[in-house]
Structure formats: C-alpha cells, structure tokens
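# Structural characterization, general
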Amino acid sequence: MGMFWSKKSSSGEKPTGNGQELSGNGVTPAQVLAALSKVKDPDLHRDLVSLNFIKDLSVEGSKVSFTIELTTPACPVKARLESEARNAVMAIPGVTEVDVKMTSRVQSAGFGDHLPVPGVKNIIAVGSGKGGVGKSTVAVNLAVALAECGASVGLMDADIYGPSLAMMMGVSSKDLPPSYGKKMIPPVRYGVKLISLGFLLPDTSTPVVWRGPMVGKAVDQLLTDVEWGELDYLIVDLPPGTGDAQLSLAQKVAVSGAVVVTTPQDVALLDVIKAINMFKKVNIPVLGIIENMSYLECPHCHERIDLFKHGGGRRASQQYGIPFLGEISLNPDIPIGGDQGIPIIKSHPDSQQARQFMEIAKAMAAQLSMVNYEKSMLKIIN
Ligand SMILES: Nc1ncnc2c1ncn2[C@@H]1O[C@H](COP(=O)(O)OP(=O)(O)OP(=O)(O)O)[C@@H](O)[C@H]1O
Ligand SMILES: [Mg+2]
C-alpha cells in the first residue's frame with residue numbers, strides 16, 4: 001500500500017508514515033483507517049479502506065480530513081457512504097471535526113493500458129429485441145444523466161435503420177465538424193459528445209440493404225477516426241433486433257456492458273430474452289434490463305394506470321438473474337422533446353421520468369463498476 005495519508009502536527013515535524021504515532025490529542029491515522037474499514041460499499045461488498053477508496057488522509061490535532069474516491073461520479077450511494085464515513089470517524093474519541101471530500105475515478109473494463117478505443121474507458125451498448133421500445137430515448141437520457149453527474153460521456157448512434165440521436169439531441173448539420181479530415185471532432189450537446197452513423201452514411205432514404213455493408217466500415221471509422229478525448233462512458237445506440245448487423249456491431253465495438261430496453265407487454269418479453277442471449281453469445285455482460293413506457297400516471301389523482309400488462313421487465317430479470325435497473329413511465333413531453341432536440345432530463349428535470357432516468361443511470365454505472373471490479377479481481381487472482 002502506498003503512503004496515501006499524511007499526518008500534520010503543530011510542531012512541524014515530518015509525517016513518519018507508520019500510522020501509529022500519536023498526534024496532539026491522541027487521534028492517529030491508524031485509528032481513522034480502522035474506523036473507515038468498518039464502512040462497506042454495498043455494491044462491491046468490501047470496505048472503503050481495502051477498496052483503496054480513501055485518499056489524502058490527514059489528521060491535524062482533533063481535525064480529520066480525507067477524500068473518498070468512488071468508481072463513478074454517478075454513484076447511487078454517494079451520500080450514504082459520505083455520511084457513514086463521517087459518522088464512523090466522528091465516533092473516534094478525540095475527533096471534533098471531519099472534513100470529507102467526494103471524488104471519483106471511473107475504472108475501465110480491465111483492458112489495462114490497452115483501451116479498445118483510445119481514451120474511452122467504457123463502452124455501453126443499448127440494445128432491444130424489437131424496435132420502437134424507446135431505446136434511443138433511453139440512450140440519450142442516460143448519456144445526459146451521466147454527464148450531469150460529472151462523468152465525461154460520449155454518445156454514438158449506430159442504428160443503421162434510422163439514426164435519430166442527432167435530432168433528439170438537437171444537433172443539426174450546421175453543428176457538424178466542417179470536414180471529415182483526419183479526425184472527426186464530435187459536436188457537444190448537453191455535455192455529451194455525439195457521433196452518428198448518420199454523419200457518415202448517405203441520407204436515410206438510402207435503402208438499408210445498401211447501407212448495411214457500409215456499416216462495418218463506418219463503425220470502425222466512428223471508433224477510430226473520432227477525437228473522443230478522455231471518456232468515462234461511451235453509450236452506443238445499437239439498431240433494434242438481434243440480427244447479424246447487431247451481432248457484428250456488438251463485436252466490433254469491444255463493449256464493456258449492455259443494457260436491454262423493453263416495454264411491459266408479454267410479447268416484448270420474448271424479444272428481451274433474444275437480446276440477452278445475443279449479448280451472452282458475444283460475451284458482453286448484460287448490466288440490466290430497463291422497462292420503458294411502464295405505466296401512466298394520472299395527471300389529476302397521480303394514480304398509476306397500467307396500460308399494458310405490468311412487470312414484464314422485472315419478471316425477465318428475475319428469470320435470467322439479470323439486474324432490473326428501473327422503469328420509466330409514459331409522458332407526452334418525451335416525444336415532444338425528442339422532436340425539439342431536448343431530452344426530458346433537460347426539458348423537465350423535475351419530472352418523474354427525469355428522476356427515473358437519473359436513478360437508472362446511477363444503477364447502471366454501479367453495475368458497470370461491479371463488473372469492472374470483478375474483472376480486476378480475476379486479473380489479480382490469475
Ligand atoms: N416513456 C415514454 N413516454 C412517452 N413516449 C415515449 C417514451 N419513451 C419513448 N417514447 C416515444 O416513443 C417513440 C419511440 O421511441 P424511440 O425512438 O426512443 O424508440 P426506439 O426503440 O429507439 O425506436 P427505433 O426502433 O425506431 O429506433 C418516440 O416517439 C419517443 O419519443
Ligand atoms: Mg432508435
């Protein structure tokens with residue numbers, strides 16, 4: 001373990017680094033670490049000290065300060081960990097003040113220094129067994145939600161059948177990089193860097209049979225010829241369905257994890273299973289299922305109206321042992337915002353659906369952290 005804490009004292013002596021020495025009133029860094037090693041990350045099932053989350057620990061008289069470095073800025077239990085850590089240290093006799101800083105450093109999927117796409121730590125595919133379930137809506141809102149949490153995020157539209165993300169993000173042809181010279185610079189909207197197959201392929205009126213063969217090449221180009229910079233997450237909107245095009249795309253993009261979007265009907269359930277199997281076939285971990293258009297909230301009495309048979313996504317998740325990341329209810333502002341290029345998380349941040357998207361984004365980030373953590377553990381063992 002490196003020397004990640006320092007002990008300052010009024011006499012100005014240098015920190016010794018053994019953690020045992022008493023400071024003015026008896027509080028030691030070792031005591032602080034012992035207290036923090038009782039605080040567990042509920043997702044990773046290990047304590048903050050052995051996870052190496054505690055940085056810059058310093059004890060100055062009765063005042064303790066440290067930083068907790070999480071694996072994602074979109075951590076669903078950030079506030080809880082902060083207060084548990086603070087309380088644990090506060091309980092040490094002699095401590096009068098605790099200063100906790102929260103930061104994060106997103107880990108990659110265990111590729112080490114060799115990231116499949118330079119600078120991009122994680123690629124998350126958004127798939128669905130069938131079209132029209134709200135996959136693109138989910139991709140857009142999750143990307144913006146992660147960016148709002150402070151992550152650096154890219155969004156890639158890989159839907160050959162009808163790239164729609166540019167429109168949904170309010171990016172028009174005048175926002176595109178002036179030329180596709182050596183490297184494309186993605187336009188940034190709502191804090192998200194956006195690239196679309198639509199920027200490369202001939203216009204969407206070209207039949208898909210013609211566009212199909214161009215896709216492999218275009219996807220390569222999108223990944224390698226785009227100046228993504230440093231990205232924590234690159235969200236990829238895959239075409240709907242589970243055909244060869246989807247499979248080859250999923251393989252080409254060296255995906256860290258996938259989410260599957262569905263609607264609550266039973267018929268949709270069969271398609272979810274197909275999508276899950278597709279990702280399994282190419283060894284992409286499925287981070288979870290998202291159920292969209294789950295229900296309608298009565299605008300007057302706020303009662304929940306299940307338009308479709310309810311709970312399909314949750315049932316599929318139980319059946320397949322895959323996390324259920326959450327549901328998004330129906331809201332007419334979603335299609336309106338889609339046409340206007342403003343995702344609901346921006347146009348109506350206080351809406352129920354914006355909150356649902358934010359929670360799902362955090363749950364997804366947490367799942368990815370777990371997958372990456374497990375991979376890193378396996379690497380140490382092997
Ligand atoms: N929760 C929701 N409430 C109301 N409308 C929604 C919701 N989610 C999506 N929609 C609308 O449903 C339509 C389909 O959504 P979207 O385009 O995101 O689906 P998709 O699965 O990407 O479709 P495609 O298969 O065509 O790519 C859009 O008009 C969108 O605005
Ligand atoms: Mg779509």
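Structure: above.
In this report, the structure presented in the accompanying data block is examined.

Rules and cut-offs
Residues numbered from 1 in each chain as written. Chains lettered and ligands numbered in written order. Predicted model: local features only at pLDDT ≥ 70, side-chain atom pairs only at ≥ 80, totals over all residues. Heavy atoms only, no water. Helix = DSSP H or I, 4+ residues; strand = E, 2+ residues; numbered from the N terminus. Buried < 20%, exposed > 50% of the residue type's maximum accessible area, 1.4 Å probe, protein only. Contact = heavy atoms within 4.5 Å. Arc of directions from axis to C-beta. Pairing = 2+ DSSP bridges. Near = heavy atom within 4 Å. Polar contact = N/O pair within 3.5 Å; in protein donor to acceptor, adjacent residues only side chain to side chain. Areas by Shrake-Rupley, 256 points an atom, 1.4 Å probe, with all protein chains shown as cover. Nonpolar A, V, L, I, M, F, W, Y, C, P; charged D, E, K, R; others polar. Salt bridge = Lys/Arg side-chain N within 4 Å of Asp/Glu carboxyl O. Phe/Tyr/Trp six-rings, centres within 6.5 Å; stacked < 30°, edge-to-face > 60°. Lys NZ or Arg CZ within 6 Å of the ring centre and 35° of its normal. 1 Å grid on protein atoms, 1.4 Å probe; cavity = no way out; pocket = protein on both sides within 12 Å on 5 of 7 lines; lining within 4 Å. Points joined across faces, edges and corners; volume = space filled by probe spheres on them. Core = buried A, V, L, I, M, F, W, Y, C linked by side-chain atoms within 4.5 Å.

Further remarks concern the overall build of the protein chain. A count of helical and extended segments in the protein chain gives twelve helices and 16 strands. Relative to its full complement of 382 residues, the protein chain shows a buried share of 51%. Counting contacts in the protein chain only where the partners sit at least 6 residues apart, residues at least 24 apart contribute 72% of the total.

Quick look at helix H1 (residues 29-36) now. Among the residues of H1, Pro29, Val32, Leu33, Ala35 and Leu36 are the ones counted as buried. The buried residues of H1 occupy an angular sector of 160° when projected down its axis, which confines them to one face.

Counting buried residues in strand S16 (residues 324-328) gives five out of five residues, a clear majority hidden from the surface. Inspection of the sheet shows strand S13 (residues 286-292) paired to S16 by four bridges, in the parallel sense. Of the residues in S16, the one forming a bridge with Glu291 is Glu327.

In this section: the site of ligand 1. Around ligand 1, a shell composed of 17 residues is seen, among which Gly132, Lys135, Ser136, Thr137 and Asn292 lie nearest. Within the side chain of Thr137, a nitrogen or oxygen atom sits 2.5 Å from an oxygen atom of ligand 1. In the complex, the protein chains occlude 75% of the 630 Å² of accessible area that ligand 1 would expose alone. For the shell around ligand 1, the secondary-structure elements that each account for two or more residues are helix H3 (135-148) and helix H10 (333-340). Considering every element that reaches the shell around ligand 1, the biggest residue donor is H3, with three residues. Broken down by class, the residue content of the shell around ligand 1 amounts to seven nonpolar, eight polar and two charged.

Glancing now at the environment of Met184. Mapped onto the fold, Met184 is located in the loop between helix H4 (165-168) and strand S9 (188-189). Considering only alpha carbons, one finds Met184 and Leu222, 38 residues apart in sequence, at a separation of 8.4 Å.

Mapped onto the elements of the fold, Ser172 is located in the loop between H4 and S9. With a relative accessible area of 31%, Ser172 lands in the partly exposed category. It is 9.7 Å that separates the C-alpha atoms of Ser172 and Pro187, two residues lying 15 residues apart in sequence.

This next bit is on the pattern of salt bridges. Going through the model one piece at a time under the given rule, you end up with ten salt bridges. In this structure, Glu84 engages Arg80 in a salt bridge whose closest nitrogen and oxygen atoms are separated by 3.3 Å. With a gap of four residues between them, Glu84 and Arg80 both fall in helix H2 (residues 78-90), about one helical turn apart. Here Glu84 falls in the partly exposed class, since its relative accessible area comes to 31%. Look at Arg80 and you get partly exposed, because its relative accessible area is 44%. Lys121 is the salt-bridge partner of Asp232, the closest N and O atoms lying 3.6 Å from each other. Taken together, the residues span a long stretch of sequence, with Asp232 in the loop between helix H6 (208-224) and strand S11 (233-237) and Lys121 in the loop between strand S6 (97-104) and strand S7 (123-127) at a distance of 111 residues. By the burial criterion, Asp232 is buried, and Lys121 matches it.

On to the packing of aromatic side chains, then. The final tally for this structure, using the stated rule, is zero aromatic pairs. One cation-aromatic arrangement involves Arg304 over Tyr295; the distance from NZ or CZ to the ring centre is 3.8 Å.

This brings us to empty space enclosed by the protein. Taken as a whole, this structure holds three cavities of 30 Å³ or more when the rule is applied. Taken as a whole, the largest cavity encloses approximately 70 Å³ of empty space. Residue lining of the largest cavity: Asp41, Asp43, Leu44, Leu70, Thr71, Thr72, Cys75, Ala366 and Ser369, and that is the complete set. Tallied by class, residues from the lining of the largest cavity come to four nonpolar, three polar and two charged.

Counting 86 residues, the largest nonpolar core has Leu146, Leu155, Met156 and Ile235 as its most contacted members. Among residues more than four places away in sequence, those in contact with Leu146 are Ala74, Ala151, Val153, Tyr233, Ile235, Ala361, Met364 and Ala365. Counting residues in hydrophobic clusters, the runner-up holds 29 residues, among them Leu33, Leu44, Val59 and Val95.

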